Each structure stands twice: as structure tokens, then as C-alpha cells.
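# Reading the structure
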Amino acid sequence: MVEQLLINDDDYYVPDANLLVTENDTLDNFAAAKYKRLLISSLYSSLQNQTFLAEANVAIYYTDLQPPIVPDVFLSLDVQVSENWWEKQNRCYMVWRFGKAPEVVLEIVSNKEGDELGKKLKIYEHMRASYYIVYDPNQQLAEKILHVYELRGTRYFETSETWLEQVGLGITLWQGEFENRQDTWLRWCYQNGTVLPTGDERAEQERQRAEQAEQRSQLLAEKLRAMGVDPDTL
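Starting from 1, residues in each chain are numbered consecutively following that chain's sequence as written. Selection of residues for local features in this predicted model requires a pLDDT of at least 70, selection of side-chain atom pairs for listing and counting requires 80 or more, and totals for whole chains, interfaces and linings are taken over all residues. Think of the side-chain values as coming from all heavy atoms in the structure, minus any hydrogens and water.

### Focus on the nonpolar core
- Side-chain atoms within 4.5 Å link the members of a nonpolar core, which is a set of buried Ala, Val, Leu, Ile, Met, Phe, Trp, Tyr and Cys residues. With a 1.4 Å probe rolled over the protein chains alone, any residue whose accessible area is under 20% of its type maximum counts as buried; one over 50% counts as exposed, and the rest are partly exposed. Grouped together as the largest cluster of nonpolar side chains are 28 residues, with contacts concentrated most on Leu43, Leu75, Val104, Leu164, Leu169 and Trp188.
- Contributing elements (two or more residues each) for this core: helix H1 (30-46), strand S1 (52-55), strand S3 (73-77), strand S5 (104-108), strand S6 (131-135), strand S7 (146-152), strand S10 (169-178) and strand S11 (181-189).
- Numbering goes from the N terminus for both helices and strands, where a helix is a DSSP run of H or I of at least four residues and a strand is a run of E of at least two. For this core, the element with the highest residue contribution is H1, accounting for 5 residues.
- Here a residue-residue contact requires only that any non-hydrogen atoms of the pair lie within 4.5 Å. Beyond its immediate sequence surroundings of up to four residues, Trp188 is in contact with Leu39, Ser42, Leu43, Leu75, Val104, Leu164, Leu169, Gly170, Ile171, Val195 and Leu196.
- With 21 residues, the next largest nonpolar core counts Ile60, Tyr93, Leu121 and Tyr149 among its residues.

This is how it looks when you write it as C-alpha cells:
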């Protein structure tokens, strides 16, 4: 039997969690990391017939006069990573090489230091990303949990519309389980509100369909036998 070692405040110094850096532009917390995996994996498992690039925490260079910005998630349509992605010029998203900015950039608010509704909004507006989404689950920036900005001309305008017409996708808040965690998740969705499934969800859907088909087959076979017909001879 393995004994558990319990930390006693009298024997160990326990720092104040509020004074620790748990997330910043390079560090993720547990929640943000899961959100990013969900948002990226569901795109690649559901949009297999489309050409696009979706990534998390990858730098975007939008001008040679400024350092890059690193959105939590971005989606760029009709582009793909170079075959030789180890070349220095192919390791991140350079707007001048891809020929356009990503259509969607998304930030998940962990604290008030990111200035998502200020400096970052201005950068993405200047970069001309079609949509800028700010997800603030703990309402640290405002009373709203979800902010959606749409580029109209050269300016962002906040909208209550969660269907992103220019990319043919929407966003929604979904209650359910992902990676053994029950919570409210920000997810991509189709226009009817159905969420884009992850690979695991798609496999489970296929398993359930196969199971239902088998049950229908067995029920039909039982009915045929009740009528004196051997289903194995059909």
C-alpha cells in the first residue's frame, strides 16, 4: 500500500496562488488548453473535404514593423502549411506569404492582462481578420461571456450574430463532456446549431448507428421467424 504524503502548512511553505503566474502569452491553464484542443480537433475531424489551416498559439506576423500576435485559435480558409514546414519562413503564419489574414481569430480570456477588447482588437482590426471572437467565461472584461466582432470595411463592429457567414460556420455554447470534463464549452456549429463533432464523438456516433442497425436487423429477423420465414434463407 502506498502511503499518501500530506502537506502540512506548518512544515511546508504554501505560496498564495493569486501571486503565481498560471497563464500568460506563452503559458496555458488547464481550461484554456482543453478549449483549444476542442476547437481545433473538431474542425479537422469535421471539415475533411475543405482546405484550411487552424491552429492554436501559433504566431501571426501581420507586418514587418511589429512583433507577431499569437491568438489562442485562428482559422484561415483555402490555405495550407508548406510541405517543408521546418524552413524558418514556413514555421508560422506570415500574412504576406499566405496572401491574406485568417478569417477568424479567437481569444480565450484568462485574466485582465491580455487587453482583448483594447489593444488586441485594434491589432486584429488592422490585420483585417474577418471575425474576432473573445470568449470570457468568467466575465473578467465585461458582463458578456461572448463578444463577436465582424469586419465591415476597415472597422470592427460588435454583433449579436453567432453565425459567421463568411466562413460558413457558427459558434455556440454547448453543455457536455470533453476529455472526461463536464462543462460549458465554446464550440463551432453548423447553421442549424449542431456542433462539429470531434473524432471521438464521430466514432461514437458511428458506433451508435451500427448498434441501432443491428437491433433493427434482429427485430426484423424475429418478426420473420414468427411468420414462419427463416431469415437466413433470404
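### Here we look at the pattern of salt bridges
- When a carboxyl oxygen of Asp or Glu is within 4 Å of a side-chain nitrogen of Lys or Arg, the pair counts as a salt bridge. Tallying each qualifying case throughout the model produces 11 salt bridges.
- Across the pair Lys100 and Glu103 runs a salt bridge, and its minimum N-O distance is 2.9 Å.
- On the accessibility criterion, Glu103 (13% relative accessible area) is buried.
- The residue Glu150 makes a salt bridge to Arg152 at a minimum N-O spacing of 3.6 Å.

### A few points about the environment of Leu43
- Mapping Leu43 onto the fold places it in helix H1.
- On the basis of relative accessible area, Leu43 is assigned to the buried category, the value being 0%.
- Through-space distance from the C-alpha of Leu43 to that of Leu75 is 9.2 Å; in sequence the pair is 32 residues apart.
- Excluding residues within four positions of it along the chain, Leu43 makes contact with Phe52, Ala54, Leu75, Leu169, Trp188 and Leu196.

### What about the sheet that holds S1?
- Judged by pairing direction, the sheet is mixed, and its 6 strands sit side by side in the order S1-S3-S5-S6-S7-S8 without closing on themselves. Each edge of the open sheet carries a strand with a single partner, namely S1 and strand S8 (155-159). If you compare each strand with its neighbour and ignore which way they point, the axes differ by 15 degrees on average.
- Across 5 bridges, the pairing between S7 and S8 is antiparallel. Residue pairing across strands places Val148 opposite Thr159, the latter belonging to S8.
- Inter-axis angles, ranging from 0 to 180 degrees, are taken between N-to-C directions of lines fitted to C-alpha atoms, where helices are fitted over the stretch in contact. Docked against the sheet, H1 engages S1, S3, S5 and S6, running at close to 165 degrees with respect to S1. A pair of strands counts as paired when DSSP detects no fewer than two bridges linking them.

### Details of the side chain of Asn29
- Mapped onto the fold, Asn29 is located in the segment before H1.
- What makes Asn29 buried here is its relative accessible area of 18%.
- Of the polar contacts made by the side chain of Asn29, one reaches the side chain of Ser110; its length is 3.1 Å. Under the rule applied, a polar contact is a pair of N or O atoms within 3.5 Å (in protein, one hydrogen donor and one hydrogen acceptor; residues adjacent in sequence only if both atoms are side-chain atoms).

### A look at the side chain of Asp72
- Locating Asp72 in the fold gives a position in the loop between strand S2 (60-61) and S3.
- Residue class for Asp72 comes out buried when judged on its relative accessible area of 11%.
- Here the side chain of Asp72 touches Lys36 through a polar contact of 3.1 Å, side chain to side chain.
- Separated by 2.6 Å, the side chain of Asp72 and the backbone nitrogen of Ile108 make a polar contact.
- The residues contacting Asp72, other than those within four sequence positions of it, are Lys36, Glu55, Ala56, Asn57, Leu106, Glu107 and Ile108.

### A closer look at the pairing of S7
- Burial analysis of S7 places 6 of its 7 residues in the buried class, which makes it a mostly covered element.
- Pairing analysis gives 5 bridges linking S6 to S7, with the strands arranged antiparallel. In the strand pairing of S7, Tyr131 is matched with Glu150.
- The loop that links S7 with its antiparallel partner S8 comprises 2 residues; one of these, Gly153, has a positive phi angle of about 70 degrees.

Interpretation note: all reported values are geometric properties and have no functional meaning in isolation.
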